[in-house]
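Examination of the molecular architecture
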Amino acid sequence: MFGKHLANIFKPNDSNNVEFDNAVESTLQQDLQLSNQNQLRQYTVVQVDEMQKKLTKHIEIAEDVQNKNYSSVTVEDALTVTGFGKYNFGLLLVCSFTLQAMGMDLFGISFVVAAAVCDLEITMQQRALLTAVPLIGVVMGAQIWGYISDTRGRRLTLVLSMSVGFVFAALSCLAPEWKTMAALKLISSIFTSASNSGSYTLLGESCSSRARGRVMLLCTCALMCSQASAAVLAYPILPMEFSYPINFLNITFRSWRLLILVLAVPCAITAGLLQFFHESPKFLTSQGRYDEALVVLKKIYACNTGDRAENFPVKKLIPDNEDQTAEAQDSFLKSLWHQTVSLFKPPLLKDTMRLFYLVIVIYMTGSGFILWLPYVMNNLFYVLKSTGGDGMNLCTVIGYPTDTYMNSSNITDFTEICNDTVEDTTLFSAMTYGALASFSNLVLSLTCGSRKRSAMMCILAMSATSAILLNVVRIPLAGGIFFFFFIMCALSMGLLSVYFVELYPTSLRGMVSCVSMMVGRLSAFLGVNAIGALLSFNCEATFYGWSVLLMSAIVIAWFLPRDKQHDK
């Protein structure tokens, strides 16, 4: 067959060349179709000419692939040559686990505080503050970690932050009172928060641009289910009825303290697993360390293909337009200021303002309302169990007086009304949301990796519509479902992370990712406190207003850069 003969003549040495494979496959399919159907003689002269032109094009592609010189290329082209294989899959799993470890440290505190309320003797105000402390830690540490990530490396940042974060998170299980626990959790969250940007940046800079969006969205699945993972661990641990006094600390070690320790362990595990992976080659080139970057690329190529590292076709890396060597002579504060200000100067200013507005809206909605999920679900199940909730929308359910609140109005002695039992419905609701969000994010990553802008607009539209429907539909269970879809706005967080990697130069990616996280968590912190007051004042108006806010985010998302289309 002529197609087979063509393959033998023009087959290149590079087994990863997609263009050649597509050319040969197309030719073979045409050749096989003609021979099997015996219709070659039926073609007109015009059709034969068209076939000859197509075949000539395939031959030209094959010759170009054969003769293409990979000896001197940019790091982005070199990443394409390494392919996508075992190394990238392993790094995807470890970065996903790192994000989940951070999420469990940040959001798992809500289950701990609910179970520790009696032992620590905390009021509702102190309970709210202790729950929000990790968000404050993210705001305090974000800019510093962004600077360290951009000047010292992504991998070093992750190993250091997760190791130290584990130590302070584990120590918090021995806190004798709530102020000590708050201080230890504040320090641990300052360190572990570095993984939120570091994981995305390391992963995105270690794979080709064609796979970057998809793997980063897959990585977000782990973050989306972090609260559900914490609930899964809390479900068997919190009901344990053991009590071990530790006299020199003046504490009693109970199940909630064990849960703190268990939630901290993943931080230590991820710090160990990261030792098996390499620094980002794009970071190394941005620092002018081209020889080190080439060594890393060779190792990635060998791991992905099974070939020897010496056979890597790239022999030399050349500077890319975005490679900017950091100025080591600048002082710490001057360099930190320079990197931060650079985000708000042309040509990055417009993209920064658009993305940061989206960060504020998405984090206030996704991270702000999710902390109210247990409260909303508890009220919903209580109403369904007691009255059935006929004719009630979700706001009526939220404002429904439960026995707990009626009893709390007659407080005479704290110990008489103290209840540290975490209901199964609270844990199950967190598990359900985590599973639904993770599955949705998985579908999103497999179908919309190259359509980020359209996907974000659809998610925001779904969330805005749900905010309206949970007011309009007067069926409690339906209102709870619409509330789930409303806070699904959090799915856009992964899409934002992809934009921060793609739109900014290597020397600023760590900084912009961390500053965006600082803005996001600060928005979530303010949102959590504002949501409580707004729901009490006028619940329905709150959701209608939030719907308008989400619609404004859709307008801003429309002006984001259009997605690059990669050839298949």
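Each chain has its residues counted from 1, running along the sequence as written. Selection of residues for local features in this predicted model requires a pLDDT of at least 70, selection of side-chain atom pairs for listing and counting requires 80 or more, and totals for whole chains, interfaces and linings are taken over all residues. As a rule here, side-chain values come from all non-hydrogen atoms in the structure, and water together with hydrogens is ignored.

Cysteine sulfur atoms are paired as a disulfide whenever they fall within 2.5 Å. The tally for this structure, following the rule as stated, stands at 1 disulfide. A sulfur-sulfur distance of 2.1 Å marks the disulfide that ties cysteine 395 to cysteine 539. Residues cysteine 395 and cysteine 539 are joined by a disulfide whose S-S torsion is about -75 degrees; by sign, that bridge is left-handed. Highlighted residues: cysteine 395 in helix α19 (residues 394-398) and cysteine 539 in helix α26 (residues 506-558), separated in sequence by 144 residues. One exposure class covers both cysteine 395 and cysteine 539, and it is buried. Unpaired in terms of disulfides, cysteine 207 finds its nearest cysteine sulfur in cysteine 95, a separation of 9.8 Å. A run of H or I in DSSP counts as a helix once it spans at least four residues, and a run of E counts as a strand once it spans at least two, with each numbered from the N terminus. Buried residues are those whose accessible area, probed at 1.4 Å on protein chains only, stays under 20% of the maximum for their type, while exposed residues exceed 50% and partly exposed ones sit between those limits.

As a further point, take the nonpolar core. One recurring pattern in soluble globular proteins: nonpolar side chains tend to sit buried together. The criterion is simple. A nonpolar core is a set of buried Ala, Val, Leu, Ile, Met, Phe, Trp, Tyr and Cys residues joined through side-chain atoms within 4.5 Å. Within the largest apolar cluster, 109 residues are counted, with the highest numbers of intra-cluster contacts made by Leu358, Tyr433, Met456, Leu460, Phe483, Phe486 and Phe543. Of all the elements, α26 adds the most residues to this core, at 15 residues. Domain start and stop positions are those given by an automatic or database domain assignment. No fewer than three residues from each of domain 1 (69-319) and domain 2 (332-401 + 422-567) sit in this core. Whether two residues are in contact is decided by their heavy atoms: any pair within 4.5 Å suffices. Among all residues touching leucine 358, those that are not within four sequence positions of it are Met456, Leu460, Leu496, Ala553, Ile556, Ala557 and Leu560.

Quick reminder: α-helices carry 3.6 residues per turn. Residues three or four places apart thus point the same way. Compared with the 20 Å implied by 1.5 Å per residue over 14 residues, the 20 Å span of helix α18 (residues 373-386) between its first and last C-alpha is a close match. All of the buried residues along α18 are Leu373, Pro374, Val376, Met377, Asn379, Leu380 and Val383. Phi for glycine 388, located one or two positions after α18, is positive at around 90 degrees. Here a helix's expected span is defined as the number of its residues, less one, multiplied by 1.5 Å.

The next subject is the packing of helix α6 (residues 109-116) against helix α13 (residues 255-273). Following both chains from N to C, one finds α6 and α13 inclined at 165 degrees, their axes separated by 9 Å at the closest point. With respect to α13, the axis of α6 lies roughly antiparallel. For the element pair α6 and α13, the recorded crossing hand is left-handed. Of the residues in α13, those touching α6 at Phe111, Val112, Ala115 and Ala116 are Trp256, Leu259, Ile260 and Leu263. Each residue receives one of three labels: charged for Asp, Glu, Lys and Arg, nonpolar for Ala, Val, Leu, Ile, Met, Phe, Trp, Tyr, Cys and Pro, and polar for the others, Gly being one of them. Class assignment for the residues of the contact of α6 with α13 results in 8 nonpolar, no polar and no charged. Interaxial angles span 0 to 180 degrees and are taken between N-to-C directions of axes, which are lines fitted to C-alpha atoms, for helices over the stretch in contact. With respect to orientation, any angle under 35 degrees is reported as roughly parallel, any angle over 145 as roughly antiparallel, any angle of 65 to 115 as roughly perpendicular, and every other angle as oblique. Whether a crossing is left-handed or right-handed is set by the direction in which the near helix is turned from the far one by less than a right angle, anticlockwise for left-handed and clockwise for right-handed.

The term salt bridge refers to a pairing of a side-chain nitrogen on Lys or Arg with a carboxyl oxygen on Asp or Glu at a separation within 4 Å. Inspection of every chain in the model, using the stated rule, returns 9 salt bridges. Residue arginine 289 is joined to glutamate 292 by a salt bridge in which the shortest nitrogen-to-oxygen separation is 2.9 Å. Taking relative accessible area as the criterion, arginine 289 reaches 33% and is therefore assigned partly exposed. Among the charged side chains, a network of salt bridges with common partners joins Glu76, Arg212 and Lys282.

Caution is warranted with low-pLDDT regions, since their predicted coordinates should not be read in detail. A residue's pLDDT is simply how confident the predictor is in it, with values from 0 to 100. On average, residues of the chain score 79 in pLDDT, and 79% of them are at 70 or above. Below pLDDT 50 for its whole length, residues 1-21 participates in 37 contacts with residues either more than four positions away or in separate chains. Long-range and interchain partners of residues 403-416, a stretch whose pLDDT sits below 50, account for 7 contacts in this model, where long-range means more than four residues apart.

Along the chain, leucine 174 falls in the loop between α8 (154-171) and α9 (178-192). Leucine 174 sits in the partly exposed class, given a relative accessible area of 30%. Leucine 174 sits 77 residues away from isoleucine 251 along the chain, and the two C-alpha atoms are 7.5 Å apart. With residues near it in sequence (within four places) discarded, leucine 174 still touches Ile246, Leu249, Ile251, Phe253 and Arg257.

Turning our attention to the packing of aromatic side chains. For Phe, Tyr and Trp, where Trp contributes only its six-membered ring, two rings pair if their centres lie within 6.5 Å, and the inter-plane angle classes them as stacked under 30 degrees, edge-to-face over 60, or tilted in between. A complete count under the given rule lists 18 aromatic pairs for this structure. Their ring planes at 70 degrees and their centres at 6.1 Å tell us that phenylalanine 356 and phenylalanine 500 sit as a pair that is edge-to-face. A residue pair is termed long-range when its members are at least 10 positions apart, and phenylalanine 356 in helix α17 (residues 349-370) and phenylalanine 500 in helix α25 (residues 492-502) qualify at 144 residues. Taking the relative accessible area as the measure of exposure, phenylalanine 356 reaches 8% and is therefore buried. Only Lys NZ and Arg CZ are tested; either one counts as a charge over a ring when it is within 6 Å of the ring centre and within 35 degrees of the ring normal. Note that arginine 453 overlies the ring of tryptophan 558, its terminal NZ or CZ placed 4.5 Å from the centroid.

So, on to the packing of helix α23 (residues 452-472) against α26. Geometry of a packed helix pair, given as the angle between the helix axes and the separation of the axes. Where α23 contacts α26, the two axes come as close as 9 Å, and the packing angle between them is 165 degrees. In terms of orientation, α23 and α26 fall into the roughly antiparallel class. For α23 against α26, the interelement crossing comes out left-handed. Of the residues in α26, those touching α23 at Arg453, Met456, Met457, Leu460, Ala461, Ser463, Ala464, Ala467, Ile468, Leu470, Asn471 and Val472 are Glu540, Phe543, Tyr544, Ser547, Leu550, Met551, Ala553, Ile554, Ala557 and Trp558.

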